[in-house]
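Observations on the model geometry
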Amino acid sequence: MIFKVFYQDTIDEVPVREKTKTLYIEAESERDVRRKLQDRHINIEYIQPLEGAYLAYEQQNPDFHVLEIEQ
């Protein structure tokens, strides 16, 4: 399944909406997403599963690139 992850670059600062970034990752579950990203030291705000029409919509975005992290 593909997940959209909303995150901040730094763990030490209070999250600010204008600094929120997104990435896409393939994983089994939200727990698996967190496990795969644990070494990146980012502040994960929200993890959204994408499927069906939501996934099709996101795939139209030119910035849509799925991270493939094996663990």
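Residues numbered from 1 in each chain as written. Predicted model: local features only at pLDDT ≥ 70, side-chain atom pairs only at ≥ 80, totals over all residues. Heavy atoms only, no water.

1. Description of unusual backbone geometry
Positive phi is not limited to glycine here, since H41 has a value of about 55°. Mapping H41 onto the fold places it in the loop between α1 (30–37) and β3 (43–50). Residue classification places H41 among the exposed positions, given a relative accessible area of 56%. (Helix = DSSP H or I, 4+ residues; strand = E, 2+ residues; numbered from the N terminus. Buried < 20%, exposed > 50% of the residue type's maximum accessible area, 1.4 Å probe, protein only.)

2. Description of the pairing of strand β1 (residues 2–8)
Along β1, six of the seven residues are buried, which leaves the element largely enclosed by surrounding structure. For β1 and strand β2 (residues 21–26), the ladder comprises six bridges, and the chain directions are antiparallel. Its bridge partner lying in β2, I2 is registered against E26. Here seven bridges tie β1 to β3, and the two strands are oriented antiparallel to one another. Across the sheet, residue F6 finds its bridge partner in β3, namely Y46. (Pairing = 2+ DSSP bridges.)

3. A few points about the packing of aromatic side chains
As enumerated under the stated definition, the model contains two aromatic pairs in all. Ring centres of F6 and Y46 lie 6.1 Å apart, and the angle between their planes is 40°; on these two criteria the pair is classed as tilted. Here the residue F6 occupies a position in strand β1, and Y46 occupies one in strand β3, the gap between them amounting to 40 residues. Ring geometry for Y24 and F64: centres 4.7 Å apart, planes at 55°, overall tilted. Linking Y24 in strand β2 with F64 in the loop between α2 (53–59) and β4 (66–67), this pair joins segments that are 40 residues apart in sequence. With respect to class, Y24 is no different from F64; both count as buried. (Phe/Tyr/Trp six-rings, centres within 6.5 Å; stacked < 30°, edge-to-face > 60°.)

Any functional reading would require information that these geometric values do not contain.
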